[in-house]
Amino acid sequence: MIGLISATAAGAAARDRLAAAWPDRTRVYEGPVGDAVRTAFAQCEQLVCFLATGAVVRLVAPLLSGKTDDPGVVCVDEGGRFAVSLLGGHAGGANELAREVGDVLGAEPVVTTATDAVDLAGLDTLGLPVEGDVAGVSRALLDGEAVALRAEAAWPLPPLPVTDEGSYTIRLTDRLVEAAEREAVLRPPTLVVGVGASKGAPVEEVLGLVEDALREARLSVASVAELATVDAKAGEPGIVEAARRLGVPLVTYSAGELAGVDVPNPSDAPLAAVGTASVAEAAALVGGGELLVPKRKSDARPAMATCAVVRRPGRGRLAVVGLGPGARDLLTPRAKAELRRASVLVGLDQYVDQIRDLLRPGTRILESGLGAEEERARTAVEEARKGQAVALIGSGDAGVYAMASPALAEASDDIDVVGVPGVTAALAAGAILGAPLGHDHVSISLSDLHTPWEVIERRVRAAAEADIVVTFYNPRSRGRDWQLPKALGILAEHRTSRTPVGVVRNASRPDESSRLTTLGALDPATVDMMTVVTVGNTATRDIAGRMVTPRGYRWQTAQESAE
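This one's a predicted model, so the numbers in the text were calculated from it and none came from an experiment. (Residues numbered from 1 in each chain as written. Predicted model: local features only at pLDDT ≥ 70, side-chain atom pairs only at ≥ 80, totals over all residues. Heavy atoms only, no water.)

**Student:** Even after reading the chapter, I still don't get the packing of helix α1 (residues 9-21) against helix α4 (residues 94-105), so can you show me in this structure?
**Tutor:** Packed helices, taken two at a time, are described by the angle their axes make and the gap between the axes. The geometry of α1 relative to α4 is characterised by a closest axis approach of 10 Å and an angle of 100 degrees between their N-to-C directions. Judged by the angle between their axes, α1 and α4 are roughly perpendicular. Only Val101, Val104 and Leu105 of α4 make contact with α1, whose side of the interface consists of Ala14, Arg17, Leu18 and Ala21. Among the residues making up the contact of α1 with α4, the classes are represented as 6 nonpolar, no polar and 1 charged. (Axes fitted to C-alpha atoms, helices over the stretch in contact; angles between N-to-C directions. Helix = DSSP H or I, 4+ residues; strand = E, 2+ residues; numbered from the N terminus. Parallel < 35°, antiparallel > 145°, perpendicular 65-115°, else oblique. Contact = heavy atoms within 4.5 Å. Nonpolar A, V, L, I, M, F, W, Y, C, P; charged D, E, K, R; others polar.)

**Student:** Would you mind showing me how to read the pattern of salt bridges here?
**Tutor:** Pairs may arise between side chains of opposite charge once their charged atoms sit close together. Using the criterion set out here, one finds 30 salt bridges in the structure. When the shortest N-O distance is used, the salt bridge between Arg150 and Glu183 registers 3.7 Å. Here the residue Arg150 occupies a position in strand β8 (residues 147-151), and Glu183 occupies one in strand β10 (residues 183-186), the gap between them amounting to 33 residues. Bridged by salt links that share partners, the residues Arg150, Glu152, Arg171 and Glu183 form one connected network. (Salt bridge = Lys/Arg side-chain N within 4 Å of Asp/Glu carboxyl O.)

**Student:** Would you take a moment to explain the sheet that holds strand β28 (residues 546-548) for this structure?
**Tutor:** Strand order across the open sheet formed by 3 strands is β21-β28-β27, with mixed pairing between neighbours. The open sheet has two free edges, formed respectively by β21 (434-435) and β27 (541-543), since each of these has just one partner strand. Summarising the sheet, β21 and β28 pair through 2 bridges and their orientation is parallel. Bridge pairing in β28 places Gly434 opposite Met547. (Pairing = 2+ DSSP bridges.)

**Student:** Where do I start with the sheet that holds strand β18 (residues 364-368) in this structure?
**Tutor:** Strands belonging to one sheet form pairs held by backbone hydrogen bonds; the direction of such a pair is parallel or antiparallel. Taken together, the 5 strands give an open sheet; going across it, the order is β18-β17-β19-β16-β20, and neighbouring strands pair in parallel fashion. Single-partner strands in this sheet number two, and they are β18 and β20 (416-420). Here the average twist between neighbouring strands, direction ignored, is 15 degrees. Of the strand pairs in this sheet, strand β17 (residues 344-348) and β18 are connected by 5 bridges, and their pairing is parallel. Among the inter-strand pairings, Gly347 is bridged to a residue of β18, identified as Glu367. In the packing of helix α12 (residues 333-341) onto the sheet, contacts are made with β16 (317-322), β17, β19 (389-394) and β20, and the angle to β16 comes to roughly 140 degrees.

**Student:** For this particular structure, what's the right way to read helix α6 (residues 134-142)?
**Tutor:** Because an α-helix completes one turn every 3.6 residues, residues spaced three or four positions apart along the sequence face the same direction. Taken together, the buried positions of α6 are occupied by Val134, Gly136, Val137, Ser138, Ala140 and Leu141. Among the structural elements, β7 (130-132), β8, β9 (168-172) and β10 are those in contact with the buried residues of α6. One or two residues past the end of α6 sits Gly144, with phi positive at roughly 75 degrees. (Buried < 20%, exposed > 50% of the residue type's maximum accessible area, 1.4 Å probe, protein only.)

**Student:** Can you help me understand the packing of aromatic side chains in this one?
**Tutor:** Each aromatic ring pair is described using two quantities: the centre-to-centre distance and the angle formed by the ring planes. On inspection of all chains with the given rule, the structure shows 2 aromatic pairs. With centroids separated by 4.8 Å and ring planes inclined at 50 degrees, the aromatic side chains of Tyr401 and Tyr473 adopt a geometry described as tilted. Taken together, the residues span a long stretch of sequence, with Tyr401 in the loop between β19 and α15 (404-410) and Tyr473 in strand β23 (residues 469-473) at a distance of 72 residues. What makes Tyr401 partly exposed here is its relative accessible area of 44%. Here Trp453 and Trp482 contribute two aromatic rings whose centre-to-centre distance is 5.0 Å and whose plane-to-plane angle is 70 degrees, an arrangement assigned as edge-to-face. Highlighted residues: Trp453 in helix α17 (residues 453-465) and Trp482 in the loop between β23 and α18 (483-492), separated in sequence by 29 residues. With a relative accessible area of 42%, Trp482 lands in the partly exposed category. Over the face of the ring belonging to Trp22 we find Arg25, whose NZ or CZ atom lies 4.3 Å from the ring centre. (Phe/Tyr/Trp six-rings, centres within 6.5 Å; stacked < 30°, edge-to-face > 60°. Lys NZ or Arg CZ within 6 Å of the ring centre and 35° of its normal.)

**Student:** In this structure, what is going on with the nonpolar core? I would like to understand it.
**Tutor:** One recurring pattern in soluble globular proteins: nonpolar side chains tend to sit buried together. The biggest cluster of nonpolar side chains holds 24 residues, and the ones touching the most others in it are Val193, Val195, Val210, Leu214, Leu227, Cys307 and Val309. Here this core gets 7 residues from one element, more than from any other, and that element is helix α7 (residues 203-216). (Core = buried A, V, L, I, M, F, W, Y, C linked by side-chain atoms within 4.5 Å.)

**Student:** Sorry if this is basic, but what is going on with the pairing of strand β3 (residues 46-50) here?
**Tutor:** Successive side chains on a regular strand alternate, one facing one side of the sheet and the next facing the other. Of all 5 residues in β3, 5 are buried; the element is thus mostly enclosed. Of the two faces of β3, the one holding Gln46, Val48 and Phe50 and the one holding Leu47 and Cys49 are both buried throughout. Relative to strand β4 (residues 72-76), β3 is paired through 4 bridges, and the arrangement is parallel. Paired with Gln46 across the bridge in β4 is Gly72.

**Student:** For this particular structure, what's the right way to read the environment of Glu211?
**Tutor:** Its place among the elements puts Glu211 in helix α7. Taking C-alpha positions, Glu211 is 9.7 Å from Leu246, a pair spaced 35 residues apart along the chain.

**Student:** Honestly, unusual backbone geometry in this entry has me stumped. Any pointers?
**Tutor:** Glycine aside, residues mostly have negative phi, and peptide bonds are mostly found in the trans state. Along the chain, Arg301 connects to Pro302 via a cis peptide bond; the corresponding omega equals 0 degrees. When you line up the elements, Pro302 lands in the loop between β14 (290-297) and β15 (305-311). If you check the backbone angles, Asn474 has positive phi at about 45 degrees while not being a glycine. Within the fold, Asn474 resides in the loop between β23 and α18.

**Student:** In this structure, what is going on with the environment of Ala21? I would like to understand it.
**Tutor:** Here Ala21 is to be found in helix α1. Look at Ala21 and you get partly exposed, because its relative accessible area is 40%. When the C-alpha atoms of Ala21 and Ala121 are compared, they prove to be 29 Å apart, with 100 residues separating the residues in sequence.

Purely geometric stuff here, so don't read any function into it on its own.
Now the structure itself:
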């Protein structure tokens, strides 16, 4: 919850705007400001104070307990011009909150955290437990000193300006190691602990067994991702509480699922009790991985708990990102976030140039020229399989005549794939022309590079006979100059020469141009590969210079009667 505190009428007005925008996230604290701040500080994860920073500093100073425990605090000035991240920039999420508040109130976010100021991913913002000389390594990254990455486990980290050798080190490991001098240790959640327990097994026995098993195997408890067991034990208090104390989810599987897992140490006891010959090992191995600690029992007499530990390989992440038609303000916030998250960017060189300035330091760029779509798709998938966080970019929407199809054809279920939609060329052109896509519409590429012309022609004819608005992608190039006239001729068999046609070149880009013509008047020689051609249906009209397709045909009937 975000606590909102104000002292003046202007502050209250801005406070109420924020409360109205985030009704489920915020709580307004009334009354004397000092009491309100103290109460909100104790009850909320974050605070937005519509007060001077000096006043807030004096109020919260006696309340501070530690970097990982204090809420994030943002201050908004009386004029609503600035949203200042005052406390808990990373751990408390105040830096991101300042940006969000700025978006709602039109205020400038002020973030002074060093890594954020130079657009570096802070080591304490990666979502992983971090130990050791975090401040020293972060300072070295900021100063441009050589920092080496020692990755003992694959994990999709965001971009970091690291090298193979350096006087400072970032170590990515799930092993129980002490951080060396000038070293920060990141703990990826790679370990799955399978547990079994008799009815009434005390939490101390379950938890003690898990901690002993990890310690003796020289594995870090900070890298435990989950506890796993059979669903018959989903409500067993000792297991449930052990997961809670470890701060990890409890994942359960049916006896049938566990019975199908090949394990080295099956037993008749769990088979009789819950219907599977293994609980601890099978539950840990369900998702695959390396068995690091085979089934072991607790030291209690009689032993009431068992556990096993498996290391699951880190899954790479492939984000297929649509950049939109070209204008920066049509690049979605989600797309920007994925570009900043990716440690590897794969794309066509001219598309990379469009967003190069958005990439964080340390991003590895793999770019190539026209005609290498399959190669780029393979490269992106291969990098993700290495455990990298990869962004594969395409113009418009990556799933529309772009990179998503070849990438997903290469990918299997060993990586995570995220699709990030973008504004398509058809949509961008439609917005420029008016409302040509107000009813059923279809997009057809006239490029026969991958699709035989016979197939394209059959699709154009079907759209013509069905009276559907058609947007032509890849309409004409120097080597393909006859396909567009042929397609227009097919449409002309079913639509009059007065049918509106919209022609948009370089939609949303600085050299954008557009015109509205008709099916009979369009000169195909004026069209190229940077152009989108939208042909209306029999109901489409030119209204005040705008191309409009009504949502239904009743409008057309009324229009014809009026004529």
